[in-house]
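Per-entry structural report
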Amino acid sequence: MATIYIENKAHQVGTEKSLLDTCLSLGYDIPYFCWHPALGSVGACRLCAVKKFAGPDDTKGRIVMSCMEPVIDGLRISVNDPEARAFRARVIEWLMANHPHDCPVCDEGGECHLQDMTTMSGHVYRRYRFTKRTHVNQRLGPFINHEMNRCIQCYRCVRFYRDYAGGRDLNVFAAKNHLYFGRHEDGALRSPFSGNLVEVCPTGVFTDKTLKRHYARKWDLQTAPSVCAHCGLGCNIIAGARHGTLRRVLNRYNGEVNGYFLCDRGRFGYEFVNADTRIKSALVKSASGALETVPAEAVTAKIAALHAQGKRILGIGSPRASLESNFALMRLAGDAHFYAGVGKHEFSLYRLALSLLASGPYRAASLGDVRRADAVAILGEDLESAAPLLMLAARESAHGGARRAAGKLGIPGWDDAAVRYATPDGGGPLFVADCGPAAPGPGDFRGDPDSLARVAFAAAHEIDAAIPDATGLSPAEREFAARMAQGLKSADNPVIVSGMSRGSGALMRGAAALAAALCRDGKTAGLFLAGPECNGMGLALIAEKDLDDAIAAAASGGYDSVIILENDLYRRIADRDAERLFASKIPVTVIDCVHSRTTARADLVLPAASFPGSNGTLVNAEGRAQRFFQVFDEGEAIRPSWKWIVEIARAAGSPECRWTTFDEIAGALAESGPRFKALAALAPDANFRMTGQKIPRQSHRRSGRTAEFANVAVSEARPPLDAESPFTFTMEGTRLMPPAPLVPAYWRPSWNSVQSVNWYQEEVGGALKGGDPGVRLFEKVQGAAHESVSAPQAFAPRPGQWLLVPHHALFGSDELSMLAPGIMELAAAPHVILRPDEAGTLGLPEGASAHIAFGDTTVDAAVKLNDHVPAGTALLFPGPGVHFAAPAWGTIRGAKP
């Protein structure tokens, strides 16, 4: 610790951060542009100037840039010194010399960091009267709008895109005093994190093009805390709505999950909420077999007819429905008659992940743990497509290694440019063993799923001889296993990452064996097992039987009706198996928010609220339960799924499911077993008040409320009431800082941009005040023994067949995001990735159409060639809606023209 003096006031602070970072954490308003809490310091904008004094007797001092100044004991500075203030005003004036001053028409207006810093610096009068530089803007795809004339050359965009996220198709181009930040040519940005440019850019150079299609000023948006529904990581988001439509998604900081960033699928996939495929009214199958809209009283009668008292109900849950909705259906149908809405193999992987994470001597690692790890091994997980933020966390871990290496040379970790210059080979250690197709880095390994598992077991044996070794390894496999074991042993806090994207349980067991070996070697090791669905782990916590069991149970008779919760069965199991359910002639009720092949076959379809239209709980891959809250009212006909289940229970005369509010069902869930007891402390209930007031979803600057519905009625309509959460649907309410799980937006006087998140943290870049949202439903069991499992047998190719390994697409693998127009534009087409030599034997050049057959499934897919695919295997992305979750042997031939 050190004592520093700011405006002659003493502060006890740490010495590991820059002076700017420290001052912001202490609550001082210092303007800045190029600095970012996740990116560190480069000293490019010169805006964060303060006056530094040599000692208590120094009255003159000198101007220094606070982002490049270390914190040392006895340091004396002034933020408000007149000379420092004048310097900052001059800097902002020259940075603004070529800015178009187009705030009234800029999409960033209202939450612009440039506006905040300009007013904070005191530059309020324009003196520049000459011709300004102008640039040609680029078309950067469906997500990002480009307006280069607003640029102030802070370099944040390229520092994030290239240095932090690893993108290579955006750069800075310079000629004399002209700087241009963009691509070498027009085209969609290829990084899965390109959308973060919207928040990273302090001006309006990069803005959200999806918001532009249904624009609303930022102060007119109605916002609430939410959780991304498009993969199993559980990234925190702030969803904003206006006039009954969802307009955009912003990052919501959570130091243990997504930190400051989101992937493009999570940021832009929200538009499914507004899509034409939404179910907005109840539908009943007519005599002709078509689904028809019916009035409310007819819906009640149909529910009563299908689910009358005494009828046995078969319930099929969903990995994308909330924990409360799945729990309600389980209570209605009965534990013995509730089935997980995923196929046998996928459910077995979820159950395996649950078992491994809850019982091993290692900890169930969070994304924050991965970022902070001093060594990471990624085993058989297609992170860029299946779990992008996990890949970003692994990159940050590697850069942490670079900071540690630079620290040994006396370079502070916050000095980003110096760290990167001193460590040109990057940080680490980071080990990646996968099936491809990405080009392996130096020393990475490529193999089939069984070979990857065998390498993991061999590395575990190198660390702990009690773990059975994998026999018959090739020299390359043995060398990689030994090198990985050595690198992990040299770390104190290693994390092993694996998951379900390649469909291999052996891989997950190998990763767990490696983490267990490290723990027994005295390391504080963690294990992260990624899953594809936002609540797959929550479903595994409450369900005992899978979807294949449900199909068999329905076919055997004994059930009078089936309720399918937020699920398209054709995505979960083979078409033939899904058809067996409907062939049984049991009446089927589907509760869902979007149309699908399953809703088309239902007898009754009930419109479920989407995630911004309801409250609920999701459990992410690490076992962290997180609450999401309703953003806006989707209409009287649309209800949260659990409320439809309560209505069905009422019609059936069931003594179960008598809840009337969300707090009641959440309380019943928390009391249902020891695993869910922690949910009671997840978030404040609907009775929570601050100074006697609820928390407003709307900004206190919201405009035109009295004229908002003037086309309907001249008088102001009564706003909807919310009795199920501590929020209001209006601007009325407390302006105090709410608890972290209830923060609906970030704002502080003088800080209207997303940078105002700094004031919601215990310290800049640290946990939110009061702790990051979410509770862990299982933690490391101290001293638990790890199950002894042997490595799988070596992979043996089959003549004339290929081992088809599941491959994923960032845009195309997720069900809901695929309904968003921007995602659809970039969605991957079905494709199979082969080795060039093996494709040559089949006469299939790049781009040819191949016919792939496995089991009862056939797929026509475009051929892609890649040298890094293991021999005898092929990576298959069968396209949206085709079930393919486990490696399978299949044949490949040219498709008929």
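Treat the numbers as computed from the prediction; the structure is a model and nothing was measured.

Cut-off values and rules
- Residues numbered from 1 in each chain as written.
- Predicted model: local features only at pLDDT ≥ 70, side-chain atom pairs only at ≥ 80, totals over all residues.
- Heavy atoms only, no water.
- Helix = DSSP H or I, 4+ residues; strand = E, 2+ residues; numbered from the N terminus.
- Rg over C-alpha atoms; globule rule 2.2 N^0.38 Å.
- Buried < 20%, exposed > 50% of the residue type's maximum accessible area, 1.4 Å probe, protein only.
- Areas by Shrake-Rupley, 256 points an atom, 1.4 Å probe, with all protein chains shown as cover.
- Lys, Arg positive; Asp, Glu negative; His and termini not counted.
- Charge placed at Lys NZ, Arg CZ, Asp CG, Glu CD.
- Pairing = 2+ DSSP bridges.
- Contact = heavy atoms within 4.5 Å.
- Axes fitted to C-alpha atoms, helices over the stretch in contact; angles between N-to-C directions.
- Parallel < 35°, antiparallel > 145°, perpendicular 65-115°, else oblique.
- Left-handed = near helix turned anticlockwise from the far one by under 90°.
- Phe/Tyr/Trp six-rings, centres within 6.5 Å; stacked < 30°, edge-to-face > 60°.
- Core = buried A, V, L, I, M, F, W, Y, C linked by side-chain atoms within 4.5 Å.
- Nonpolar A, V, L, I, M, F, W, Y, C, P; charged D, E, K, R; others polar.
- Arc of directions from axis to C-beta.
- pLDDT = per-residue confidence, 0-100.
- Salt bridge = Lys/Arg side-chain N within 4 Å of Asp/Glu carboxyl O.
- Polar contact = N/O pair within 3.5 Å; in protein donor to acceptor, adjacent residues only side chain to side chain.

1. What about the overall build of the protein?
Along the backbone of the protein there are 26 helices and 36 strands. Against the 2.2 N^0.38 benchmark of 29 Å for 897 residues, the protein shows a C-alpha radius of gyration of 28 Å, consistent with a compact globule. Counting only C-alpha atoms and orienting by the principal axes, one finds that the protein spans roughly 90 × 80 × 60 Å. A buried classification covers 61% of the 897 residues belonging to the protein. Just so you have it, the protein exposes about 33,400 Å², and 52% of that area is on carbon and sulfur atoms. Separation between the mean location of the 96 positive side-chain charges and that of the 95 negative ones in the protein comes to 4 Å.

2. Thoughts on the sheet that holds strand β24 (residues 588–592)
One open sheet holds the 7 strands; their spatial order is β14-β13-β25-β24-β23-β15-β16, and the pairing between them is mixed. Two strands bound the open sheet, and with one partner strand each, they are β14 (291–293) and β16 (338–339). Examined bridge by bridge, strand β23 (residues 561–565) and β24 share 4 bridges and lie parallel to one another. Across the sheet, the residue bridging to Ile564 is Val590, located in β24. Together, β15 (313–316) and β16 form the strand contacts of helix α19 (residues 547–555), whose direction differs from that of β15 by roughly 160 degrees. On the sheet, helix α23 (residues 641–652) packs against β23, β24 and β25 (604–607) and is oriented at approximately 150 degrees with respect to β24.

3. Here's the deal with the packing of helix α9 (residues 323–333) against α23
When two helices pack together, their arrangement is given by the angle between the helix axes and by the axis-to-axis distance. Two elements in contact, α9 and α23, have axes whose closest approach is 8 Å; the angle formed by their N-to-C orientations is 15 degrees. Taken together, the axes of α9 and α23 are roughly parallel relative to one another. When the axes of α9 and α23 are compared, the crossing they make is left-handed. For the pair α9 and α23, the contacting residues are Glu324, Ser325, Ala328, Leu329 and Leu332 in the first and Ser641, Trp642, Ile645, Ile648 and Ala649 in the second.

4. With respect to the packing of aromatic side chains
According to the stated counting rule, one finds 21 aromatic pairs in the structure shown. Seen in terms of ring centroids, Tyr155 and Phe181 are 5.3 Å apart; in terms of plane orientation they differ by 85 degrees. Their pairing is edge-to-face. Of this pair, Tyr155 sits in the loop between β6 (144–146) and α4 (156–164) while Phe181 is found in strand β8 (residues 178–182), placing the two residues 26 residues apart along the sequence. The exposure class of Tyr155 is partly exposed, given its relative accessible area of 29%.

5. Describing the nonpolar core
Among the nonpolar cores identified, the biggest contains 132 residues, and Phe33, Phe160, Leu390 and Phe528 are the most heavily contacted of them. The dominant element in this core, judged by the number of residues it contributes, is helix α13 (residues 388–407), at 6 residues. For Phe528, the residues in contact, after removing those within four places along its chain, are Leu233, Ala365, Ser366, Leu367, Val370, Leu390, Ile496, Val497, Ser498, Ala621 and Glu622. Membership of the second largest hydrophobic core comes to 108 residues, among which are Phe457, Ala459, Trp644 and Ile648.

6. Focus on the pairing of strand β35 (residues 873–877)
The element β35 is extensively covered by neighbouring structure, given that 5 of its 5 residues are classed as buried. In terms of strand pairing, strand β31 (residues 802–806) meets β35 through 4 bridges, oriented parallel. In the sheet register, Leu803 faces β35, and the bridge partner there is Thr873. Looking at chain direction, strand β32 (residues 831–834) and β35 are connected through 3 bridges and run antiparallel. Paired with Val832 across the bridge in β35 is Leu876.

7. Concerning the packing of helix α2 (residues 82–95) against helix α3 (residues 113–121)
Packing of α2 against α3 brings their axes to within 8 Å, and their N-to-C directions diverge by 140 degrees. For the element pair α2 / α3, the angle class is oblique. α2 and α3 meet at a crossing whose hand is left-handed. Seen from α2, the contacting residues are Arg85, Arg88, Ala89 and Ile92; seen from α3, they are Leu114, Thr118 and Ser121. A breakdown of the residues in the contact of α2 with α3 according to their chemical character gives 3 nonpolar, 2 polar and 2 charged.

8. A word on the sheet that holds strand β27 (residues 624–628)
The pairing of strands in a sheet happens through backbone hydrogen bonds and is either parallel or antiparallel. Overall, antiparallel pairing links the 3 strands, which are arranged β26-β27-β30 in an open sheet. The open sheet terminates on both sides in strands that have one partner only, identified here as β26 (616–619) and β30 (775–776). Note: β26 against β27, 4 bridges, orientation antiparallel. Bridge pairing in β27 places Thr617 opposite Arg627.

9. Here we look at helix α8 (residues 296–306)
Considered for burial, the residues of α8 that qualify are Val299, Ile303 and Leu306. One side of α8 holds all its buried residues, which, seen down the axis, span an arc of 75 degrees. As for α8, its buried residues are in contact with β23, β24, β25 and α23.

10. Structural notes on the confidence of the model for the protein
Taken residue by residue, the protein gives an average pLDDT of 93. The fraction at 70 or more is 99%. Mean pLDDT in the protein bottoms out at α8, which sits at 90, and peaks at β26, which reaches 98. Residue range residues 780–785 is modelled with pLDDT below 50. Its contacts to residues more than four positions away, or to other chains, number 11 contacts.

11. Comments concerning the side chain of Asn615
You can see Asn615 is positioned in the loop between β25 and β26. A relative accessible area of 6% places Asn615 in the buried class. If we ignore the near neighbours within four places in the chain, the residues touching Asn615 are Phe628, Phe629, Gln630, Phe662, Glu724 and Ser725.

12. Digging into the side chain of Asp814
The topology assignment puts Asp814 in the loop between β31 and α25 (821–826). Buried charge Asp814 goes without a salt bridge, the closest partner of opposite sign being Arg265 at 5.2 Å. Side chain to side chain, Asp814 and His230 meet in a polar contact 3.0 Å long. Only 2.7 Å separates the side chain of Asp814 from the backbone nitrogen of Ser817, close enough to count as a polar contact. When near neighbours in sequence (up to four residues on either side) are disregarded, Asp814 contacts Ala229, His230, Arg265 and Arg571.

13. What to know about the environment of Ser614
For Ser614, the location among the structural elements is in the loop between β25 and β26. As for Ser614 and Ile30, which are separated by 584 residues in sequence, their C-alpha atoms are 39 Å apart. Residues contacting Ser614, with those up to four places away along its chain left out, are Ala609, Phe628, Phe629, Gln630 and Pro640. Here the side chain of Ser614 touches Ser610 through a polar contact of 3.2 Å, landing on its backbone oxygen.

14. Some thoughts on the pattern of salt bridges
Between side chains of opposite charge, a pair can form when the charged atoms approach closely. Applying the stated criterion to the full structure yields 45 salt bridges. In this structure, Glu199 engages Arg267 in a salt bridge whose closest nitrogen and oxygen atoms are separated by 2.7 Å. Within this pair, whereas Glu199 is found in helix α5 (residues 197–200), its partner Arg267 is found in helix α7 (residues 264–268), the two being separated by 68 residues in sequence. One exposure class covers both Glu199 and Arg267, and it is buried. Among the ionic contacts, a cluster of salt bridges with common partners joins Glu256, Arg363, Asp369 and Arg372.

15. Remarks on the environment of Ala491
As for its placement among the helices and strands, Ala491 is situated in the loop between α16 (475–489) and β21 (494–499). Expressed as a C-alpha distance, the spacing of Ala491 and Ser288, which sit 203 residues apart in the sequence, is 67 Å. Sequence-distant contacts of Ala491, that is, excluding residues within four places in its chain, are made with Asp374, Ala375 and Lys523.

16. Observations regarding the environment of Leu75
Structurally, Leu75 can be placed in the loop between β4 (62–65) and β5 (76–78). Since its relative accessible area comes to 4%, Leu75 is described here as buried. Along the sequence, Leu75 and Glu622 sit 547 residues apart, while their C-alpha atoms lie 42 Å from each other. If near-sequence neighbours (up to four positions away) are discounted, Leu75 is found in contact with Thr3, Ile4, Tyr5, Leu19, Lys52 and Pro70.

17. Here's the deal with α3
Across the 9 residues of α3, 7 count as buried, placing the element largely inside the fold. Contacts made by the buried residues of α3 are with α2 and α4.

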